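# Remarks on the overall topology
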Amino acid sequence: MSDDQTPKGDVRPIFPAGAVVRYRNEDHKDIRIDDLEFSQNYGSLTESTSQDRNILKEDRFKALGKYLESCVKDYLDNVMGYEYERFAIVHSWVNRAPEGGYQRMHFHGNSVVSGVYYLQADPKQSAPLMFEKLELNTSPYLAIATKKQNIFTANRIAYPSETGICYLFASNLKHGYETPSQGGERISLAFNVMLSGVGLFYKV
């Protein structure tokens, strides 16, 4: 038997769970957050979520908001190819995770696309952004062990947290950061996107 592990056929993913798209902001600028008020986050042990849930409307975040809107437009138009009339970032807030902080796995309701932008994070020390595969099969099935995980068999995948990086993904993808941070505070800005005019094909 050959030791070559390269598939002999033409391998194509079928109905993937979604696309996670990474954008790098080459013009990233530090934004002061030390005066923001934070409250308890249900998935963490710290007061880590800004009380303002429309933070991008603040003057200090307006330039960043325009950049994030350009990322969302690219995701909707060029990655997903959605047909819609308008989109809006409807919620936005700052998450602050101190060293040892974490966020339990969760997803965002009442939203189509979600995103996270790192205001401060070190890819070598800060906890990565984790995604978890949803278990949709409710019937008994065989759990077959794998020699090594790949895109077809992995239950989790991690993306590094890094200052100036934005990730966009479908809101129903489970995500979080359960690995404790080891590099000081990990500060991110999370947001949700809604679309209007998505029922265009129902018009009579």
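Look up: the structure comes first, before these words.
To keep things clear, this report deals only with the structure shown in the data block. The structure presented is a predicted model; accordingly, all values stated were derived computationally and were not measured. (Residues numbered from 1 in each chain as written. Predicted model: local features only at pLDDT ≥ 70, side-chain atom pairs only at ≥ 80, totals over all residues. Heavy atoms only, no water.)

Attention now goes to the overall build of the protein chain. When helices and strands are tallied, the protein chain shows one helix and 11 strands. Listing each helix as α and each strand as β along the protein chain from the N terminus yields β-β-β-α-β-β-β-β-β-β-β-β. Along the first, second and third principal axes, the C-alpha atoms of the protein chain reach 65 × 55 × 35 Å. The proportion of buried residues among the 204 residues of the protein chain is 37%. Considering only residue pairs separated by 6 or more positions, the protein chain has 86% of its internal contacts joining residues 24 or more positions apart. Looking at the protein chain as shown, the accessible area adds up to about 13000 Å², and 53% of this sits on carbon and sulfur atoms. Of the charged side chains in the protein chain, 23 are positive and 25 negative; the average position of the first set lies 4 Å away from that of the second. (Helix = DSSP H or I, 4+ residues; strand = E, 2+ residues; numbered from the N terminus. Buried < 20%, exposed > 50% of the residue type's maximum accessible area, 1.4 Å probe, protein only. Contact = heavy atoms within 4.5 Å. Areas by Shrake-Rupley, 256 points an atom, 1.4 Å probe, with all protein chains shown as cover. Lys, Arg positive; Asp, Glu negative; His and termini not counted. Charge placed at Lys NZ, Arg CZ, Asp CG, Glu CD.)

Moving on to the nonpolar core. If you look at soluble globular proteins, the nonpolar side chains tend to sit buried side by side. Counting residues in each nonpolar core, the largest one holds 28 residues, and the members touching the most others are Phe61, Leu68, Val94, Leu119, Leu168, Leu189 and Phe191. Residue assignment for this core shows that the elements contributing at least two residues are β1 (21–24), α1 (62–80), β4 (86–97), β6 (113–120), β9 (165–170) and β11 (186–196). Beyond its immediate stretch of four places on either side in the chain, valine 94 contacts Ile33, Leu36, Phe38, Ser48, Thr49, Ser50, Ile55, Phe61, Leu119, Ile187, Ser188 and Leu189. Membership of the second largest hydrophobic core comes to 10 residues, among which are Phe131, Tyr167, Phe169 and Ala170. (Core = buried A, V, L, I, M, F, W, Y, C linked by side-chain atoms within 4.5 Å.)

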